[in-house]
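# Reading the structure
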Amino acid sequence: MCVPFYKHQLGPVEQQAIFESLNNEILTSGSICKDVENQLAEYFSVKHVKLVNSWTNGAIATLLALGIKPGDEVIVPSMTFIATANVVELVGAKPIFCDVNPDTLLMTYEDFKHLITPNTKAIMLVHLYGQMCDTKAIKDALGDLNIRLIEDSAHSFESEFNGTKPGTYSDAAIFSFYATKNVTTGEGGAIITNHGDLYQRILQTVLHGMSAGAAQRYELGKYKHWEMERLGTKANLPDILASLLPSQILKIDEKLKIRNELSEKYDFAFQNELIRRPQLVNNCKTAHHLYPLWVNPKFRDEVIYELGVNKIGVTVNFRPVHQMKYYRDKYNHKDELFPVATSWGAGVLCLPLFPGLTSDQQEYVIKTFKEKILPKFSNGASR
Ligand SMILES: *Cc1c(COP(=O)(O)O)cnc(C)c1O
């Protein structure tokens, strides 16, 4: 048997939607994007949504719109995907890495309060694996400090904390529709915000800093001059890709239910003292984006190899960002400052989890892990 790490479930409905999108005169961001933005605004109960061509470009556009610049500092967790820190570097600011809570792997105010300086302009909260940081508690703790909150919601499309979704307490939340994410357009993403002035600036920073998009420039057949009011990137999503979203948003609860059931089945199977999992957060509805496990770092790479030999897809989400060569060369951070990210990153691996995973496939993953892998390191592995 062969079990891929991820397999998308787009089918005839999405094929038809793409096909129809080609009937529009303008293939880039137009009426389809507008409709999906309205659909997402309703889904998240936020005022403004801007579809973008990746989380990364959306985050760059957001940082530019917030005026983050060289000399500024942005706090990011080390336990995340590199993009979270990279976007800070790309606008010339400095990422300040923090550690995460040892039980949940999520950032709390306690994890970064000692890192706040007069140069701190923003904090990137990462809702890792689909569980959410307590954004409201962090916002309250920051009080009237002039520090912006951005939610990296690449894993948390369906998530809620105390019944509130991403975007409720932050300046902006950013989603990814990358090929393996819960909602996908191959490449894509969305920025959501309740702040009208920030949204107006984002409309420019996603489009070179221009004052009007292509569709508007040609409205009514009359050409209008545009101005470049600030520096921007190119981050807008084309209608062709946006056409893949409406059907996925309609089916989201049904798919999440399956992710939930698959995760519970893994949880039940892996009740073993040699395996650690992130603790479930009270009052948090998780999007179950990934299924991470932690094994003794001595054995992690052997486990990955063994899963590969048995044709089971596996990924490491994530090795800590502060340890990446680029960041080591530039900042030379010591592992001792990030004990949780360092230890978790050395032992973590993620198993296949997607709504199309069949029960036969999941049984095979569990059986392989329990019968071929666990016995190999049952001696000597420890927390
Ligand atoms: C996937 C991911 C990103 C980057 O998303 P792209 O759409 O590929 O730019 C950022 N942060 C986290 C936590 C991710 O998992």
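Shown above is the structure to which this text applies.
Note that this is a predicted model, so its numbers are computed, not measured.

### A word on the overall build of the chain
- Counting its regular elements, the chain contains 15 helices and 11 strands.
- For 383 residues, the compact-globule estimate of 2.2 N^0.38 gives 21 Å, and the C-alpha radius of gyration of the chain, at 21 Å, lies within 12% of that figure.
- Referenced to the eigenvectors of the C-alpha coordinate spread, the extents of the chain come out at roughly 75 × 55 × 40 Å.
- The burial tally for the chain puts 54% of its 383 residues in the buried class.
- Pairs at least 24 residues apart make up 73% of the contacts formed inside the chain by residues separated by at least 6 positions.

### A closer look at the pairing of strand E8 (residues 189–193)
- Among the 5 residues in E8, 5 count as buried, and that is most of the element.
- With burial as the criterion, each face of E8 is covered, one bearing Gly 189, Ile 191 and Thr 193 and the other bearing Ala 190 and Ile 192.
- Two strands pair when backbone bridges link them, and strand E1 (residues 48–52) and E8 are joined in this way by 5 bridges, in the antiparallel orientation. Along E8, the bridge assignment pairs His 48 with Thr 193.
- Taken together, the 4 bridges between strand E7 (residues 172–176) and E8 define a ladder with antiparallel strand orientation.

### Observations concerning the side chain of Thr 184
- Positionally, Thr 184 belongs in the loop between E7 and E8.
- Within the structure, the side chain of Thr 184 is placed 2.9 Å from the backbone nitrogen of Gly 186, a separation counted as a polar contact.

### Quick word on empty space enclosed by the protein
- Counted under the stated rule, the structure contains 3 cavities of 30 Å³ or more.
- Considered as a void within the structure, the largest cavity measures approximately 200 Å³ in volume.
- Lining the largest cavity are 16 residues, and of these Gln 9, Asn 182, Gln 248, Lys 255 and Pro 355 lie nearest its centre.
- For the lining of the largest cavity, the element with the highest residue contribution is helix H11 (residues 252–269), accounting for 3 residues.

What counts and how
Residues numbered from 1 in each chain as written. Predicted model: local features only at pLDDT ≥ 70, side-chain atom pairs only at ≥ 80, totals over all residues. Heavy atoms only, no water. Helix = DSSP H or I, 4+ residues; strand = E, 2+ residues; numbered from the N terminus. Rg over C-alpha atoms; globule rule 2.2 N^0.38 Å. Buried < 20%, exposed > 50% of the residue type's maximum accessible area, 1.4 Å probe, protein only. Contact = heavy atoms within 4.5 Å. Pairing = 2+ DSSP bridges. Polar contact = N/O pair within 3.5 Å; in protein donor to acceptor, adjacent residues only side chain to side chain. 1 Å grid on protein atoms, 1.4 Å probe; cavity = no way out; pocket = protein on both sides within 12 Å on 5 of 7 lines; lining within 4 Å. Points joined across faces, edges and corners; volume = space filled by probe spheres on them.

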